[in-house]
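Coordinate analysis (summary)
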Amino acid sequence: MSRESLGLPADLHSYLLSVSVRESEALRALREETARHPYANMQIAAEQGALMAILVKLTQAKRILEVGTFTGYSALSMAAALPDDGKLLTLDINQKTGQTARRFWEAAGVSHKIEQRIGPALETMRALQDSFDLIFIDADKSNYDLYYERGLELLAPGGALLIDNVLWGGRVTDPDANDADTEAIRALNQKIHSDGRVDCCMVPIADGLTIVRRRSP
Ligand code: SAM
Ligand code: CA
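Residues numbered from 1 in each chain as written. Chains lettered and ligands numbered in written order. Predicted model: local features only at pLDDT ≥ 70, side-chain atom pairs only at ≥ 80, totals over all residues. Heavy atoms only, no water.

**Remarks on the overall build of the chain**
As a reminder, the rule being used: Helix and strand assignments follow DSSP, with helices taken as H or I runs no shorter than four residues and strands as E runs no shorter than two, numbered in order from the N terminus. Any residue under 20% of the maximum accessible area for its type is buried, any over 50% is exposed, and the rest in between are partly exposed; the area is computed with a 1.4 Å probe on protein chains only. In this analysis, two residues are considered to be in contact whenever any of their non-hydrogen atoms come within 4.5 Å of each other. Surface accessibility in these figures is a Shrake-Rupley result with a 1.4 Å probe; residues are shielded only by whichever protein chains are displayed. Positive charge is attributed to Lys and Arg, negative charge to Asp and Glu, and no charge count is given to His or to the chain ends. For this purpose, a charge sits on NZ of Lys, CZ of Arg, CG of Asp or CD of Glu.
Across its full length, the chain holds 8 helices and 7 strands. Each of the three principal axes of the chain carries a C-alpha extent, and together these read 45 × 45 × 30 Å. Looking at the 217 residues of the chain, the share that counts as buried comes to 47%. Of the contacts made within the chain by residues no fewer than 6 positions apart, 68% connect residues no fewer than 24 positions apart. Here the chain displays about 10,800 Å² of accessible surface, and carbon together with sulfur accounts for 54% of that area. Mean positive and mean negative side-chain charge positions of the chain (24 and 30 charges, respectively) differ by 5 Å.

See the structure below:
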C-alpha cells in the first residue's frame, strides 16, 4: 500500500478521485514528473491537495508556511488557492527537488506567490518574525514535535496547523514498529489529543492529516 493512499479499498479510492478531484493540468504534470523520482510517495495525494486548497479558501488564508517542499505539489495546490496578493513560504533542505518545484510553479503562474528557503527548517522557523494563517508540517518526522511547538508560536490568531502522515502507513498501531519516526508521530498524536491549547481533528485522508486550531487564551 502506498503511504499516501491509506484507508480506502482501491475501487472506492478510484471512485473518490473520479468524482471529487479536479486536478489542474499543472498539478497533473507535476505529479507525472514526480512519479519518476525514487521517493515519489513523499508527494501528497491528489485528494489531499484538494482538501488543503479548499481549507486555504475557507480560512481566507493570506500567509502560509510550509515545512517540507519536495517537488512542490502541496505548495502548488495551496498557492493556486491563495488570492493574488497571498504569500506562501516553503522550507526544505533539498536544493535539487526545490529546482523542480520552482520550474513547475513558474509554468503554473504562481511563483510570484511563493518564496522558497533552502536549509534546515527548524533554524529557519526559529528565525522567522512573521505570523501565518496556515502552516503545513510535512518534513522529517523526528522533528515533528519541534515543528509543532514553533508552528503554534508562528500561528496568527484563528490560524490553523496541518500535520501530515499522522497515520504513518498504519505503523502507529503496529506494536513491532518502534523506529524513531513512528515513535515521534505516535508521541505527537497523543500530545495533541490532550493539548488544551488547541482544538484538533484527525482526518483519515491519504496517510492521515491532523488539523489544529489554537484556542483563544
Ligand atoms: N509536501 C511535499 C509534497 O507534497 O510534495 C512533500 C514533502 S516530503 C514528505 C519531506 C521533505 O522534507 C523532503 O523534501 C525533505 O528534503 C525535507 N526535509 C527533511 N528534513 C528536513 C529538514 N531538517 N529541514 C527541512 N526540510 C527537510
Ligand atoms: Ca507527507
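**So, the packing of helix α2 (residues 25-34) against helix α4 (residues 73-81)**
In a pair of packed helices, the angle between the axes and the distance between the axes together describe the arrangement. Under the convention used in this document: Note on geometry: axes are lines fitted to C-alpha atoms, helical ones only across the stretch in contact, with angles between N-to-C directions running from 0 to 180 degrees. By definition in this entry, angles of less than 35 degrees are roughly parallel, angles greater than 145 are roughly antiparallel, angles of 65 to 115 are roughly perpendicular, and the rest are oblique. In this classification, Asp, Glu, Lys and Arg are treated as charged, Ala, Val, Leu, Ile, Met, Phe, Trp, Tyr, Cys and Pro as nonpolar, and every other residue, Gly included, as polar.
Two numbers describe how α2 lies on α4: the axes approach to 10 Å, and their chain directions differ by 175°. Here α4 runs roughly antiparallel to α2, going by the angle between their axes. Judged by residue contacts, A26, L27, L30 and R31 of α2 engage Y73, L76 and S77 from α4. Class assignment of the residues belonging to the contact of α2 with α4 gives a composition of 5 nonpolar, 1 polar and 1 charged.

**Examining the site of ligand 1**
Filter applied, for reference: If a single non-hydrogen atom of a residue is within 4 Å of a molecule or strand, that residue counts as near it. As used in this structure description, the phrase polar contact means that two N or O atoms lie within 3.5 Å; if the pair is within protein, one of them must be able to donate a hydrogen and the other to accept it, and residues adjacent in sequence are counted only when both atoms belong to side chains. Within this scheme a cavity is a closed region of a 1 Å grid, computed over the protein atoms alone, that accommodates a 1.4 Å probe without allowing it to escape, whereas a pocket is open but has protein on both sides within 12 Å along at least five of seven lines; lining residues each have an atom within 4 Å of a point. Criterion for pocket placement: a molecule counts as inside a cavity or pocket if more than half of its atoms are within 2 Å of its grid points.
Taken together, 19 residues form the shell around ligand 1, and within it G68, S74, D92, A121 and D138 come nearest. Between a nitrogen atom of ligand 1 and a main-chain N or O atom of G68, the distance comes to 2.9 Å. Here D138 contributes a side-chain N or O atom positioned 2.9 Å from a nitrogen atom of ligand 1. Taken by itself ligand 1 offers 610 Å² of open surface, and the protein chains cover 89% of this. In this structure, ligand 1 is accommodated by the largest pocket. Residues belonging to the shell around ligand 1 are distributed by class as follows: 10 nonpolar, 6 polar and 3 charged.

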